[in-house]
Amino acid sequence: MSEPDGRTWRDQQRQAVRAHAEADARRRAAEQAEAAELVAWFVAEATRRGLRPARLVARGYDGRGRYRTRLTGWYVDRAETRAVDVTGRFHLLNVPGGLRAWLFGVDPQPSPAPLVVGAGGRDGESIPLRTLLTRRLDAGSDG
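Enquirer: Account for a nonpolar patch on the surface, with residues named and values stated.
Expert: A contiguous nonpolar patch, built from L99, W102, L103 and F104 and spanning about 500 Å² of accessible area, is present on the exposed surface. Relative to the elements of secondary structure, F104 occurs in helix α2 (residues 99-104).

Next comes the structure, spelled out in structure tokens:
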């Protein structure tokens, strides 16, 4: 292969990689927008149904410690590791623990809600976000 042909092939490969990355970014943005709409629907429906929000507690990565947060909202899974706050933001409530976290609490940052919760996990258990939120609504204030 001569040098010009090799350069052309590399340029084509770069363009293909760039196009693939751009398509993936568009797909992720569309999924995040759809998930954000589901979370907003959940907050409106929970409020309409009179579900009382609770003060949310985060857990340490090791699963042992429980740490105060300033967040108020609803846990959406049984393990209480995922929640939606009253402003419609999705939170993963696993945090690095330690003495400082125990003394002063933690401030988990919101993260984009996934359309499928648990997808790609080792245990193989995943659930669509809509199903998870609907189950939480159906459980009422006891959930």
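Structure's up, so let's keep going.
Enquirer: So what's going on with the nonpolar core? Residues and values would help.
Expert: One finds F42, V76, V84, L129 and L133 to be the most contacted residues of the largest nonpolar core, which totals 18 residues. If you list the elements that add at least two residues to this core, you get α1 (3-49) and α3 (129-139). In terms of residues, this core owes the most to one element, α1, which gives 6 residues. Ignoring sequence-local partners within four residues, the contact set of V76 consists of F42, R82, A83, V84, F90, L132, L133 and R136.

Enquirer: Residue-level account of the pattern of salt bridges, with values.
Expert: Within the structure shown, the criterion is met by 11 salt bridges. The partner of D24 in a salt bridge is R28, and the shortest N-O contact between them spans 3.1 Å. You can see D24 and its partner R28 sitting in helix α1, 4 residues apart, about one turn around the helix.

Enquirer: Talk me through the sheet that holds strand β4 (residues 90-92); I want residue IDs and the actual numbers.
Expert: Spatial strand order, β4-β3-β2-β1-β5: 5 strands in an open sheet with mixed pairing. If you trace the sheet from one side to the other, it starts and ends with β4 and β5 (94-95), each paired once. Relative to β4, strand β3 (residues 82-85) runs antiparallel, the two being bridged by 3 bridges. By the bridge assignment, V84 is partnered in β4 with F90.

What counts, and at which threshold
- Residues numbered from 1 in each chain as written.
- Predicted model: local features only at pLDDT ≥ 70, side-chain atom pairs only at ≥ 80, totals over all residues.
- Heavy atoms only, no water.
- Patch = residues over 30% accessible without salt bridge, like charges linked within 9 Å, V, L, I, M, F, W, Y side chains within 5 Å.
- Areas by Shrake-Rupley, 256 points an atom, 1.4 Å probe, with all protein chains shown as cover.
- Salt bridge = Lys/Arg side-chain N within 4 Å of Asp/Glu carboxyl O.
- Helix = DSSP H or I, 4+ residues; strand = E, 2+ residues; numbered from the N terminus.
- Core = buried A, V, L, I, M, F, W, Y, C linked by side-chain atoms within 4.5 Å.
- Buried < 20%, exposed > 50% of the residue type's maximum accessible area, 1.4 Å probe, protein only.
- Contact = heavy atoms within 4.5 Å.
- Pairing = 2+ DSSP bridges.

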